[in-house]
Amino acid sequence: METRSPIDYEEKWIKRWKEAKIFEADPDPSKPKYFICVPYSYQNGPLHLGHGFTYTRGDAYARFKRMQGYNVLFPWAWHWTGEAVAGTSERLKRGDESIRRMLIEIDGVPEELLEKFTDPVFVTKYYTEENKVVVDAMGFSVDWRREFYTTDLHPYYSRFIQWQFITLKNRGYVAIGKHPVVWCPNCKSATGDHDRLIGEGVSPEEYVLVLFKFNDAYLAAATLRPETVFGVTNIWINPNHEYALAEVDGKKYIVSKRAAEKLREQKNVKILGSVKPEDLIGKYAEAPLIGKPVPILPADLVDPNFGTGVVYSVPAHAPYDYAGVIALRSNEERLRRYGLKEIVEKIKPISIIRVPGYGDYPAVEEVERLGIKTDTDSRLEEATKTIYSKEFHEGIMKENCGEYSGKSVNEARDLVKAKLIELGLGDIMWELPEKVVCRCGTENVVKIVENQWFLRYSDPEWKEKVRKHLMKMEIYPEEARQWFLNVVDWLRDWACTRKTGLGTRLPWDPEWIVETLSDSTLYPALYTISKYPNLNLIKPDQLTLDVLNYVFLGLGNVEEVAKKVGVDVDLLKKMREEFLYWYPVDMRISAKELVPNHLTFYIFNHVAIFEERHWPRGVGVNGMVNIEGEKMSKSRGNFIPLKKAIMKYGADVTRATLLLAAEDLDDPDWRERNAIEIKNMINQLLRIVREVASAELVEENAVDSWLMSRLQRRIENITEWMENLKTRKAFHDALYGLYNDWRWYIRRTGGSISKIGREFIETWIKLLAPFIPFTAEEAWSILGKSGFVSVEKWPAPRGELINPEAELAEELIMRLMEDIRSIINVIKEKPKKVYIYVASDWKRGLLERTLNLLKEGRSREIGELIKWIISNKPELKKIAANLAKLMIENISSLIQNYRFEDLMAAAERELDIYKSASEFLTSELGIEFEVHSEDEEGLYDPKKKASSALPLRPGIYAE
RNA sequence: GCGGGGGUAGCCAAGUCUGGUCAAAGGCGCAGGGCUUAGGACCCUGUCCCGUAGGGGUUCGUGGGUUCAAAUCCCACCCCCCGCACCA
């Protein structure tokens, strides 16, 4: 399906830009370079408004830098690596109706192609073609000669990835090990979040198995709180469940049957037999570390399907356990059947943790407070959470905890765990805190994957290098820096390989494929040379390790390398030079969801592989697009592909609507209303341009100076905001700020336009070019300009055109208009005539005094002004206080933008300013005006308004 | 739980770092007027409450505090959004 904008000129400019090759960038030593990129997107669907937002920001910045005179490289590529597309194909093959519908209705895939979607490679190809059209349609200023996609389906991408991984491995950044994953025993694969029927977001948790010696075996109790073993009073088992006796890594465990099965995926397990609950209940097992025999008791709270089905009981600190004791005590039948009465009576909670806000037995307190009587009461969950968290954060181990006494619970937990394992009395079991069910309907377990390859992001030295570099990087907005630093602290080793999906084979262990977030960390470097193989200057298989080592790291003897692979030495040298010219990346722009993964990995990998001078310089992050205030998602039905937005509103409207919606970490909200409004605005802009293009230019006047002055200030602000990636502010001011200036100008000139007015419009178009490039080009050509505004020079503010006097004069006129309106509003009838009284000359002394007072921060010393007024004009005694107060209020709002001299000068010219504006005021308000000075002889002033006149605030009388 | 961001007028959204210029930009919506054959677009005005003179009153999640002065600084609390590893 074609992507066609309703705006006729958009297509035209895409074509012209392409023909003129203005976005193709080659090294040019005479120009400063700027390398900006955005993360490539996974090709499992159409680009949507979320991509559109990040990419438009990137493009606007690229265009801005280009206009500033930088040699800008803005390349593009496509991510094919991953498992999701394979999943889609698989579901389609199985005849999944929902995926069919989604592809047709939401992604807009033609029905006849659906058959081919059972092939993942076809899917990625299809979307790459579709999306490339969209990227052009959006007006992104891409150098397409450098395009590529990932995986070993591409002629050379995998060579790059293999080089990267071999380099990482050689430098010790790759490790092999075990790794827990959520596992579907039926599908025999890891179950990602999106492949789940139940249990989204659930990940494996590490439980400690505390081993209680029982004959020649161990009762293995699973716990998150091994430190509480000092408070154990008994063991709970489920009286209705037959347990398994199993050999686990050479040791005999008694656990529930389900647990034995689960452990099979994690350890070496041999099931030896079963154990009846009656064989355990009433007997004793020995608690580790304290060597105390504790009785084994029955409880309904024990779920054989969770953990090991064996629980050790700490009634002082675990509400469930205390409730279990209560429940058992009152269960006469059970006590009799197992002969437990005496044992149970002796059980007393043992306090081992001191925690503020509770006495010795927090669990007892909570259970009694809530009046809980059974061990299956649902309120126990809440009580457990409360105590767990409180004790973890504030709890201290008491004197009865051996070497752990006095330590925080937090600390003791890890120490006890380590000790138990060291003594062979503890073990690890991974378990899912909640039920997870695979799409296939099978309940999942945790599997330990063996021989998993990792990137060693936990390496303290590596982290430290990254942290240090982060402190030097430009990060926009600044708040994101701390976030990055936290991520670095938190980061663990990353399982970097998978068994399924598309990607690049791990060079030294080809049964593994480099996973998607690990093969996308270094590729900006590839952009610097990808045009060579793309233009057939070097063959993909000539990009050997030696060649890449030379090009990216400067290693080896270039003559020898060239000879070995059979390419021209100069070509290799040129590639090396091109890499050195462009690298490092100056700016990478992305959505904030990539901070905790991709962007951080990107920095880690650069730091690991390249020389320091090639580490990333800047990162900009932004929020994630909402639609009409709601999160965008296919399942909500509010998913908007970029293509759809373009076809409805055009690219510039789409770009503008997104850019105006938010900046920094705020999430932009796409609102249809805004898009419509912006469409009108853009039409209006072109209307103005056409009008100006054909206008007969008149002589300049004072308002022209005002207009130019405003323009300089706007340029200054817009430029500074852009430098800091404040795209919303910058564009908002470029669009609406300048528009409002223009409207005022037209009002003041009565619609006539001077040479200056035209110059303003030309500059305005340049300032808009990074944001709405199509409209800007169209406007540029309407103005009769040749060439592209896209490569025009970005306007620089001209200090000599800043004219505070002209600005102040206009501001005074605006204020006067407001005051008159305000009066009319209150008296509720339109006056026949309005008299303006400019303050008497002597009052300028008052202005001077007021300015001094404010300058010195003594705005409260109003008494000084009052005294001064009275000493000059005793007859004003009554209103002196009022005048002084008004004076301060009026001036304090001006003093921020204008200097002392400007204000004094304006006060001297005030009469002229109002007189020359009186015609304008009449046309605006439809009222006759007379402007007088308070000093005039025989002044017409029936309501004595003239005496209330102050410098820069005339008196007004309406009749 | 841990980490990050945020709560401003009917809605969206600036302002918060650097307290006074803040009844608080801009846009939308709404109301009135203009233009127009009409609609749309466009232009002007108004849009917290009160007010027959440019003024006054009460607001910026909640509750305290600092200060001559707080949307802005400090403390506590409530609520919302995002990320947390095999989805990219």
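Here goes a summary of the coordinates provided. (Residues numbered from 1 in each chain as written. Chains lettered and ligands numbered in written order. Predicted model: local features only at pLDDT ≥ 70, side-chain atom pairs only at ≥ 80, totals over all residues. Heavy atoms only, no water.)

Here the focus is the protein's contact with RNA strand B. Taken together, 62 residues surround RNA strand B, and among them His179, Gly192, Ala495, Arg498 and Tyr739 come closest. For RNA strand B, the fraction of atoms within 4 Å of the protein that belong to sugar or phosphate moieties is 65%. Within the side chain of Asn486, a nitrogen or oxygen atom sits 2.9 Å from a sugar or linking oxygen of RNA strand B. Per element, the largest residue contribution to the surface near RNA strand B is eight residues, and it comes from helix H26 (residues 727-749). Of the residues that constitute the surface near RNA strand B, the class distribution is 18 nonpolar, 21 polar and 23 charged. (Near = heavy atom within 4 Å. Polar contact = N/O pair within 3.5 Å; in protein donor to acceptor, adjacent residues only side chain to side chain. Helix = DSSP H or I, 4+ residues; strand = E, 2+ residues; numbered from the N terminus. Nonpolar A, V, L, I, M, F, W, Y, C, P; charged D, E, K, R; others polar.)

The next subject is the sheet that holds strand E2 (residues 41-42). Spatially, the three strands line up as an open sheet ordered E2-E4-E5, and their pairing is parallel. The two strands at the open ends of the sheet, each matched to only one other strand, are E2 and strand E5 (148-149). Summarising the sheet, strand E4 (residues 77-79) and E5 pair through two bridges and their orientation is parallel. In the sheet register, Trp78 faces E5, and the bridge partner there is Tyr149. (Pairing = 2+ DSSP bridges.)

The terminal C-alpha atoms of helix H15 (residues 479-490) lie 18 Å apart, and with 12 residues this matches the ideal 16 Å at 1.5 Å per residue to within 8%. Residues Ala480, Arg481, Phe484, Leu485, Val487 and Val488 constitute the buried set of H15. One side of H15 carries all its buried residues, which in axial view fall inside an arc of 160°. Residues of H15 that are exposed and point over 90 degrees away from its buried face: Glu479 and Trp490. The inward-facing, buried residues of H15 abut helix H14 (460-472), strand E23 (474-476), helix H21 (595-609) and strand E29 (618-622). (Expected span 1.5 Å × (residues − 1). Buried < 20%, exposed > 50% of the residue type's maximum accessible area, 1.4 Å probe, protein only. Arc of directions from axis to C-beta. Contact = heavy atoms within 4.5 Å.)

Attention now moves to the environment of Tyr312. Among the structural elements, Tyr312 can be located in strand E17 (residues 310-313). For the pair Tyr312 and Lys465, spaced 153 residues apart in sequence, the C-alpha to C-alpha distance is 45 Å. Setting aside chain neighbours within four positions, we find Tyr312 in contact with Val210, Phe212, Ala221, Thr223, Arg225, Pro226, Thr228, Val229, Val232, Asn234, Ile235 and Asp321. Within the local environment of Tyr312, its side chain forms a polar contact with the backbone oxygen of Arg225, the two atoms lying 3.1 Å apart. From its side chain, Tyr312 meets the backbone nitrogen of Val229 in a polar contact 3.3 Å long.

On to the pairing of strand E12 (residues 243-248), then. By the bridge criterion, six bridges tie E12 to strand E13 (residues 251-256) in an arrangement that is antiparallel. Of the residues in E13, the one forming a bridge with Glu247 is Lys252. The loop that links E12 with its antiparallel partner E13 comprises two residues; one of these, Asp249, has a positive phi angle of about 45°. Here E12 runs beside strand E14 (residues 269-275); their pairing, made up of six bridges, is antiparallel. Bridge pairing in E14 places Val248 opposite Val269.

The next subject is the pairing of E29. Of all the five residues making up E29, five are buried; the element is thus mostly covered by neighbouring parts of the structure. Where burial is concerned, the two faces of E29 agree: the one with Gly618, Gly620 and Asn622 and the one with Val619 and Val621 are both buried. Where E23 lies against E29, three bridges are found, and the strand directions are parallel. Across the sheet, the residue bridging to Glu474 is Gly618, located in E29. Sheet analysis places strand E28 (residues 587-591) next to E29, joined by four bridges and oriented parallel. Across the sheet, residue Arg588 finds its bridge partner in E29, namely Val619. One crossover worth recording links E28 to the parallel E29 by way of H21, and it is right-handed. (Right-handed = clockwise from strand over helix to strand, strands pointing away.)

Of the pockets and cavities examined, the second largest pocket occupies roughly 1400 Å³. Along the wall of the second largest pocket there are 38 residues; nearest its centre are Tyr207, Thr223, Leu224, Phe306 and Thr384. Of all elements in the fold, only strand E9 (205-214), strand E10 (217-223), E17, helix H8 (319-329), helix H12 (379-394) and helix H13 (409-422) reach the threshold of two or more residues within the lining of the second largest pocket. If one sorts the elements of the lining of the second largest pocket by residue count, H12 sits on top with six residues. Of the residues that constitute the lining of the second largest pocket, the class distribution is 19 nonpolar, eight polar and 11 charged. (1 Å grid on protein atoms, 1.4 Å probe; cavity = no way out; pocket = protein on both sides within 12 Å on 5 of 7 lines; lining within 4 Å. Points joined across faces, edges and corners; volume = space filled by probe spheres on them.)

Turning our attention to the packing of aromatic side chains. Ring pairs (aromatic) are described by centroid distance and by the angle formed between their planes. Counted under the stated rule, the structure contains 57 aromatic pairs. Plain terms: the ring middles of Tyr55 and Trp76 are 4.7 Å apart, the flat faces sit at 75° to each other, and that makes the pair edge-to-face. Highlighted residues: Tyr55 in helix H2 (residues 49-67) and Trp76 in the loop between strand E3 (71-73) and E4, separated in sequence by 21 residues. Linked through ring pairs, Phe35, Tyr40, Phe148, Tyr157, Phe160, Trp163, Tyr523, Tyr527, Phe552, Phe579, Tyr583 and Phe610 together constitute an aromatic cluster. Taking the ring centre of Trp13 as reference, the NZ or CZ of Arg16 above it sits at 5.0 Å. (Phe/Tyr/Trp six-rings, centres within 6.5 Å; stacked < 30°, edge-to-face > 60°. Lys NZ or Arg CZ within 6 Å of the ring centre and 35° of its normal.)

The analysis is restricted to geometry; functional conclusions fall outside its scope.
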